[in-house]
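Residue strings, one per chain:
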Amino acid sequence: ASVHALTYVVFDAGPDLARIGHDVLARRFLTAGFAAWLVMLPLALTSFNRAIRLMGGARWQALQRGVYLVAVLAVVHFYWLSKGTALLWPMGYALGLALLFAWRIGKAIRRHAA
């Protein structure tokens, strides 16, 4: 995701922070992508054994559940970026994500019912 964002900065916006800020606020697909990157940042910064020990397993796991929000934001980012007939790919990703979420929810329901 960071390399993906860096390509936008290098090839589209340049090092102009004001332009980047304006683009992120003005273009909703950039807003969704930037939000996903911001949610991923603490996940990446705490994805090592020492962080897990310092935070405690339960708090670390709760933080890592942010990946579900990232997945939704990534699909929204892709959908808003796509135009016309190119919507087939983001809709495929949305369907795949919905199926994965349904599987996870079903698994949780079965575990709690047992």
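That block above? That's the structure.
Predicted model, so just to flag it, every value in this text is computed and none were measured.

What to know about the overall build of the chain
Helix and strand counts for the chain come out as 7 helices and 0 strands. The order of helices and strands in the chain, counted from the N terminus, is α-α-α-α-α-α-α. What you see for the chain is a C-alpha radius of gyration of 17 Å, clearly larger than the 13 Å of a compact globule of 114 residues, by over 25%. Each of the three principal axes of the chain carries a C-alpha extent, and together these read 55 × 40 × 20 Å. Residues classed as buried in the chain amount to 20% of the 114 residues present. Within the chain, counting contacts between residues at least 6 apart in sequence, those at least 24 apart form 42% of the total. In the structure as shown, the chain presents an accessible area of about 8500 Å², 72% of it carried by carbon and sulfur atoms.

A closer look at the pattern of salt bridges
This model, assessed by the stated rule, comprises 2 salt bridges. Among the ionic pairs, D23 bridges to R19, the shortest N-O distance being 3.7 Å. Linking D23 with R19, this pair stays in helix α2 (residues 17–26), spanning 4 residues, or about one helical turn. Classification of D23 as buried rests on a relative accessible area of 9%. When the shortest N-O distance is used, the salt bridge between D23 and R27 registers 4.0 Å. Bridged by salt links that share partners, the residues R19, D23 and R27 form one connected network.

Some remarks on the layout of surface pockets
As a volume, the largest pocket reaches approximately 610 Å³. Lining the largest pocket are 23 residues; nearest its centre among them are H4, A5, Y8, L30 and G33. At the level of secondary structure, the elements contributing two or more residues to the lining of the largest pocket comprise α1 (2–13), α2, α3 (28–45) and α6 (66–81). Looking at the lining of the largest pocket, the element that brings in the most residues is α1, giving 8 residues. Here the residues of the lining of the largest pocket are counted per class, giving 16 nonpolar, 5 polar and 2 charged.

Thoughts on the packing of aromatic side chains
On inspection of all chains with the given rule, the structure shows 3 aromatic pairs. Centroid distance F78 to Y93: 5.4 Å. Interplanar angle 65°. Geometry classified as edge-to-face. Highlighted residues: F78 in helix α6 and Y93 in helix α7 (residues 88–113), separated in sequence by 15 residues. The exposure class of Y93 is partly exposed, given its relative accessible area of 49%.

Quick notes on the packing of α2 against α3
Close contact between α2 and α3 brings their axes to 5 Å; oriented N to C, the two are set at 105°. Classified by the angle their axes make, α2 and α3 are roughly perpendicular. Taking contact as the criterion, the partners of D23, V24, L25 and A26 in α2 are, on α3, R28, L30, T31 and F34. Taken together, the residues of the contact of α2 with α3 sort by class into 5 nonpolar, 1 polar and 2 charged.

Criteria and thresholds
Residues numbered from 1 in each chain as written. Predicted model: local features only at pLDDT ≥ 70, side-chain atom pairs only at ≥ 80, totals over all residues. Heavy atoms only, no water. Helix = DSSP H or I, 4+ residues; strand = E, 2+ residues; numbered from the N terminus. Rg over C-alpha atoms; globule rule 2.2 N^0.38 Å. Buried < 20%, exposed > 50% of the residue type's maximum accessible area, 1.4 Å probe, protein only. Contact = heavy atoms within 4.5 Å. Areas by Shrake-Rupley, 256 points an atom, 1.4 Å probe, with all protein chains shown as cover. Salt bridge = Lys/Arg side-chain N within 4 Å of Asp/Glu carboxyl O. 1 Å grid on protein atoms, 1.4 Å probe; cavity = no way out; pocket = protein on both sides within 12 Å on 5 of 7 lines; lining within 4 Å. Points joined across faces, edges and corners; volume = space filled by probe spheres on them. Nonpolar A, V, L, I, M, F, W, Y, C, P; charged D, E, K, R; others polar. Phe/Tyr/Trp six-rings, centres within 6.5 Å; stacked < 30°, edge-to-face > 60°. Axes fitted to C-alpha atoms, helices over the stretch in contact; angles between N-to-C directions. Parallel < 35°, antiparallel > 145°, perpendicular 65-115°, else oblique.

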